[in-house]
Amino acid sequence: MFTFFAATGTCMAGTVWVGSLPSSCNETQLVTAFSKYGEVTSCVIHAGEYALVQLATAREALRAADANHGVKIDGARVQMYCYEATTASRARTRFESNS
């Protein structure tokens, strides 16, 4: 289970969920964009629809999510939220909105 926090909430894990990605978006673009806010330690695009971007600290991740929620990437308005992984289960993942 993942708990999502609004961009103005907390970012315990240092990870930002980026949703509504256009199919043209790639990991290099995301790393470049997020590097302005701190050290990107991991960036993975899943099924071409969303990405998980890990920054070195929770503070960096929160700053990145705050600054970029709702921005356009290649014409698509993306969503960004900090999240904390509460259970590591890839087989059964449930999302709870906390906003």
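This is a predicted model, so every value here is computed, not measured.

Reading the values: rules and limits
Residues numbered from 1 in each chain as written. Predicted model: local features only at pLDDT ≥ 70, side-chain atom pairs only at ≥ 80, totals over all residues. Heavy atoms only, no water. Helix = DSSP H or I, 4+ residues; strand = E, 2+ residues; numbered from the N terminus. Buried < 20%, exposed > 50% of the residue type's maximum accessible area, 1.4 Å probe, protein only. Contact = heavy atoms within 4.5 Å. Areas by Shrake-Rupley, 256 points an atom, 1.4 Å probe, with all protein chains shown as cover. pLDDT = per-residue confidence, 0-100. Arc of directions from axis to C-beta. Core = buried A, V, L, I, M, F, W, Y, C linked by side-chain atoms within 4.5 Å. Pairing = 2+ DSSP bridges.

Please explain the overall build of the protein chain as it appears in this structure.
Each helix and strand counted, the protein chain has two helices and eight strands in total. A buried classification covers 37% of the 99 residues belonging to the protein chain. Within the protein chain, contacts between residues at least 6 apart in sequence are counted, and of these 68% link residues at least 24 apart. Total accessible area computed for the protein chain in this model is approximately 5700 Å², and 50% of it derives from carbon and sulfur atoms.

What is the right way to read the confidence of the model for the protein chain from this model?
Close reading of the predicted structure is inappropriate where its pLDDT is low. Looking at the protein chain as a whole, the pLDDT averages 76, with 72% of positions reaching at least 70. Taken element by element, the predicted model of the protein chain shows its lowest mean pLDDT in strand β8 (residues 95-96) (36) and its highest in strand β3 (residues 40-46) (94). In this model, residues 1-8 is a region of pLDDT below 50 whose contacts with residues beyond four sequence positions or in other chains number 41 contacts. Below pLDDT 50 for its whole length, residues 87-99 participates in 14 contacts with residues either more than four positions away or in separate chains.

Looking at this model, I keep getting lost on helix α2 (residues 58-68). Mind explaining?
Spacing of three or four residues puts side chains on the same side of an α-helix, whose turn is 3.6 residues. Burial in α2 covers these residues: Glu60, Ala61, Ala64, Ala65 and Asn68. Within α2, the buried residues cover an arc of 130° as seen down the axis, which keeps them to one side. Where α2 ends, the next residue or the one after it, Gly70, has phi of about 90°, a positive value.

In this structure, what is going on with the nonpolar core? I would like to understand it.
One broad trend across soluble globular proteins is that nonpolar side chains are buried collectively. By size, the foremost hydrophobic cluster in this structure holds 19 residues, and its most contacted members are Val16, Val18, Leu21, Leu30 and Phe34. Secondary structure elements with two or more residues in this core: β2 (15-19), α1 (27-34), β3, β4 (50-55), α2 and β7 (79-85). Not counting residues up to four positions away in its chain, the partners in contact with Leu21 are Leu30, Ile45, Gly48, Glu49, Tyr50, Ala51, Ile73 and Val78.

Help me out: how do you make sense of the pairing of β3 in this one?
Pairing geometry for β3 and β4, over six bridges, is antiparallel. The residue bridging Val40 from the neighbouring strand is Leu55, located in β4. Hairpin connection between β3 and β4: a loop of three residues separates the two successive antiparallel strands, and Ala47 in this loop has a positive phi of roughly 55°.

Got a minute to help me understand the environment of Leu21 in this structure?
Considering the arrangement of structural elements, one finds Leu21 in the loop between β2 and α1. Given a relative accessible area of 9%, Leu21 falls into the buried group. Sequence separation between Leu21 and Asp74 is 53 residues; the distance between their C-alpha atoms is 8.9 Å.

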